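Observations on the model geometry
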Amino acid sequence: MKSITTFLLLAISPLFAIDYRTFEADALQKAPALQSAKLESDAARLEGAMALRYDNPSLEVEASRFDTDNGNDDNGWRANISQPVRVFGLGDDLRLHADSLETVARKRFEKSRAGFRAMLRSRFAAYVEAVHAGELMKEEIDLAKRLETIAEERFKEGAGTRAKVMQASLQRIAAESRLVEQERRILERYYDLLSTAQTPGKPQIDAVFLYPMRPAGVAANGMNNAELELLKARVGQLEAEAKMNDRSVKTYRLSAEYEEEPEQSIARIGLGVDLPFFNRYEEEKRLAKVRARQKALEAESVERMQRTKLEALERRLHALMRHHEALKRQRRKQAELLALFTEGYKTAQTSLLDLIQAQNGLIETKRKLLQIRYLNDLYHIQIDYLQGTDQ
């Protein structure tokens, strides 16, 4: 109990806490999952370089022995060197395909990074909500203690009963019990945050909501997120693959040969070309085009769904702001009512039940305001992800 309470105090104390943005920047730099995803770009760059390599030349050397009919003999030799050469334009197509592989790998890393950041912020928002809920429960305990003190004073003055004192005490004990459970919840969400961050150490983070209560400011184009960019990059990769296969003949062979015979020397230059009777790469080209079209349609579908989700989030955010303003007005009135009932109970003008109800009503309104702040952060996190903004 003591250690958990100490952790709670550290979690909400700015003297021991670091800023969340510092924590996030450190996690984005050091998380093993992101480091692994980043290596994919290096691997794709090497794969592209491998695709651009020329085939090695080949060399043939032969030694010959010539026997004539009159019994004489002599020696000869032959050397042949050949080099596969790409047809004109194929190198550009291979370069385009290699670049598309690197682009896809980079966009895949950016998607992993954006998803990681959104998940980390969601975990942090849940942690902040838990910490503030714990603070609200401490406030509830303080109110219950004050109510218990008033009930005891009235009992001593002969204006109250022992049952009223016990009733007030039960309110305090119930609030304290809820705080113990909430401290467990804070620890659970804190370690969820650390698990997501994948960073060593256990830093205390300033438990402050990331976003103020305000509209999201949706951009005119709306959608520019890493998920869509990856799908579009995949379309480009498949189109480059189709273009690369849009050739019946990809290479030809240049050869040079020199042959030394007893009575003559022969020099030859040759050109060898595959005859595309059977393998014309038609299926590979058509398959790449089909898959490119499939990815383009997938990107269009995802973009439409995301635009609808973005619009819904924007509308929900506006409704949330209106609810927030209404609850703030309600909170002011309930605080005034609680003060009136407290004074009234001291002079026996109101009942203990009225005072308890007023106190619980105020706490419940504050709890709803806290949930709204939590939802506000979650909505903004999703909107930032969909718009591809990094705030």
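Structural notes, computed from the coordinates. (Residues numbered from 1 in each chain as written. Predicted model: local features only at pLDDT ≥ 70, side-chain atom pairs only at ≥ 80, totals over all residues. Heavy atoms only, no water.)

1. A look at the overall build of the protein chain
So the rule is basically this: Note on conventions: DSSP H or I runs of at least 4 residues are helices, E runs of at least 2 residues are strands, and numbering of each starts at the N terminus. For the radius of gyration, the atoms used are the C-alpha atoms, and the globule rule reads 2.2 Å times the number of residues raised to 0.38. Between buried and exposed lies partly exposed: a residue is buried under 20% and exposed over 50% of the maximum accessible area for its type, with that area taken using a 1.4 Å probe on protein chains only. Contact definition: two residues touch when any of their heavy atoms are within 4.5 Å. Accessibility throughout is a Shrake-Rupley quantity obtained with a 1.4 Å probe, and a residue counts as covered only by protein chains that appear here.
Secondary structure summary: the protein chain contains eight helices and four strands in total. Mapped from its N terminus to its C terminus, the protein chain presents α and β elements in the order α-α-α-β-β-α-α-α-β-β-α-α. Over its C-alpha atoms the protein chain spans a radius of gyration of 38 Å, topping by over 25% the 21 Å that the globule rule assigns to 391 residues. Taking the principal axes of its C-alpha atoms as reference, the protein chain extends roughly 150 × 45 × 30 Å. For the protein chain, with 391 residues in total, the buried portion stands at 38%. A separation of at least 24 residues holds for 83% of the contacts in the protein chain among residues at least 6 apart in sequence. Of the roughly 22,700 Å² of accessible surface on the protein chain, a fraction of 53% belongs to carbon and sulfur atoms.

2. Let's talk about a nonpolar patch on the surface
Definition in use: Candidates for patches are residues over 30% relative accessible area with no salt bridge; among them, like charges are joined within 9 Å and nonpolar side chains (Val, Leu, Ile, Met, Phe, Trp, Tyr) within 5 Å. Definition used for salt bridges: Asp or Glu carboxyl oxygen within 4 Å of a side-chain nitrogen of Lys or Arg.
Residues Leu-59, Val-61 and Ile-81 make up a contiguous nonpolar surface patch of about 310 Å² in total accessible area. Tracing the backbone shows Ile-81 in strand β2 (residues 73–86). Residue classification places Ile-81 among the partly exposed positions, given a relative accessible area of 43%.

3. Brief notes about the pairing of strand β4 (residues 265–273)
What counts here: At least two DSSP bridges between two strands are needed for those strands to be called paired.
Both strand β3 (residues 251–260) and β4 contribute to a ladder of nine bridges, which runs antiparallel. Bridged to Glu-260 within β4 is Ser-265.

4. Points about the pattern of salt bridges
Overall, the coordinates contain 28 salt bridges when judged by the stated rule. Notably, a salt bridge pairs Glu-24 with Arg-121, separated by 2.7 Å at the nearest N-O pair. Placement of the pair is Glu-24 in helix α2 (residues 20–30) and Arg-121 in helix α4 (residues 90–156), with a sequence separation of 97 residues. Of the two residues examined, Glu-24 and Arg-121, each falls in the buried class. Taken together, the salt bridges that share partners define one network made up of Glu-60, Glu-62, Arg-78, Glu-257, Glu-259 and Arg-268.

5. Regarding the packing of α2 against α4
In plain terms, the rule: In this analysis an axis means a line fitted to C-alpha atoms, helices contributing only their contacting stretch, and an angle means the value between N-to-C directions, from 0 to 180 degrees. A crossing counts as left-handed when the near helix is turned anticlockwise from the far one by less than a right angle, and as right-handed when that turn is clockwise. Only Asp, Glu, Lys and Arg are considered charged, only Ala, Val, Leu, Ile, Met, Phe, Trp, Tyr, Cys and Pro nonpolar, and every remaining residue, Gly among them, polar.
Two elements in contact, α2 and α4, have axes separated by 11 Å at closest approach and are oriented at 145 degrees. Crossing of α2 against α4: the hand is right-handed. Two secondary-structure elements touch here, α2 through Tyr-20, Arg-21, Phe-23, Glu-24, Ala-27 and Leu-28 and α4 through Arg-113, Phe-116, Arg-117, Leu-120, Arg-121 and Phe-124. Looking at the contact of α2 with α4 residue by residue, the class counts come to seven nonpolar, no polar and five charged.

6. Quick word on the layout of surface pockets
Counted only if it meets this: Points on a 1 Å grid, built from protein atoms alone, make a cavity when a 1.4 Å probe fits but cannot get out and make a pocket when they are open with protein on both sides within 12 Å along at least 5 of 7 lines; residues with an atom within 4 Å of a point are the lining residues. Grid points are joined across faces, edges and corners, and a volume is the space filled by probe spheres set on the points.
Roughly 240 Å³ of internal volume is contained in the largest pocket. If you list the elements that add at least two residues to the lining of the largest pocket, you get α4, α7 (282–346) and α8 (352–387). Looking at the lining of the largest pocket, its residues break down into four nonpolar, two polar and six charged. Its boundaries defined by the atoms lining it, the second largest pocket holds a volume of some 190 Å³. As for the second largest pocket, its lining consists of 14 residues, of which Glu-110, Ala-114, Arg-117, Ala-226 and Gly-388 are closest to the centre. A per-element tally of the lining of the second largest pocket places α4 first, with five residues. Its residues placed into classes, the lining of the second largest pocket shows three nonpolar, four polar and seven charged.

7. Quick look at the side chain of Asp-377
Heads up, the rule is: Two residue types count as positive, namely Lys and Arg, and two as negative, namely Asp and Glu; His and chain ends fall outside the count.
On the secondary structure map, Asp-377 appears in helix α8. One buried charged residue, Asp-377, forms no salt bridge at all, with the nearest opposite charge on Arg-373 at 5.1 Å. When sequence neighbours within four positions are dropped, the list of residues in contact with Asp-377 reads Ala-125, Phe-209, Leu-210 and Tyr-211.

8. Remarks on the sheet that holds β4
Spatially, four strands are ordered β1-β2-β3-β4 in an open sheet, and the strand pairing comes out antiparallel. The two strands at the open ends of the sheet, each matched to only one other strand, are β1 (58–67) and β4. Taking each pair of neighbouring strands and ignoring which way they run, the sheet shows an average axis angle of 15 degrees. Here β2 pairs with β3 via ten bridges, running antiparallel.

9. Here we look at a positive patch on the surface
Where we set the bar: Taken as the charge location is NZ of Lys, CZ of Arg, CG of Asp or CD of Glu.
A cluster of like positive charges, contributed by Arg-329, Arg-331, Arg-332 and Lys-333, occupies part of the molecular surface. Following the sequence through the fold, Arg-332 ends up in helix α7. Taking relative accessible area as the criterion, Arg-332 reaches 48% and is therefore assigned partly exposed.

10. A look at the nonpolar core
The condition that has to hold: Here, nonpolar core refers to any group of buried Ala, Val, Leu, Ile, Met, Phe, Trp, Tyr and Cys residues whose side-chain atoms link them within 4.5 Å.
Membership of the largest hydrophobic core comes to 33 residues, with the highest contact counts inside it found for Tyr-20, Phe-23, Phe-116, Leu-120, Phe-124, Tyr-127 and Leu-193. Put simply, the parts of the chain that give this core at least two residues each are α2, α3 (32–52), α4, α5 (162–197) and α8. Here this core takes twelve residues from α4, the largest share from any one element. The contact partners of Phe-116, leaving out residues within four places of it in the chain, are Ala-27, Leu-28, Ala-31, Leu-34, Thr-196, Ala-197 and Gln-198.

11. Let's talk about unusual backbone geometry
You will see that Gln-198, though not glycine, has its phi angle at about 60 degrees, which is positive. For Gln-198, the position within the fold is in the loop between α5 and α6 (226–244).

12. A closer look at the packing of α4 against α7
Packed helix pairs are characterised by how far apart their axes lie and by the angle those axes make with each other. The following threshold applies: In this scheme, roughly parallel covers angles under 35 degrees and roughly antiparallel covers those over 145, while 65 to 115 is roughly perpendicular and the rest are oblique.
Remark: α4 packs on α7, axes separated minimally by 10 Å, with the N-to-C direction vectors making an angle of 20 degrees. What the angle tells us is that α4 and α7 run roughly parallel. Side by side, α4 and α7 meet where Leu-143, Arg-146, Ile-150, Ala-151 and Arg-154 of the first sit next to Leu-338, Thr-342, Tyr-345 and Lys-346 of the second. Here the contact of α4 with α7 is composed, by residue class, of five nonpolar, one polar and three charged.

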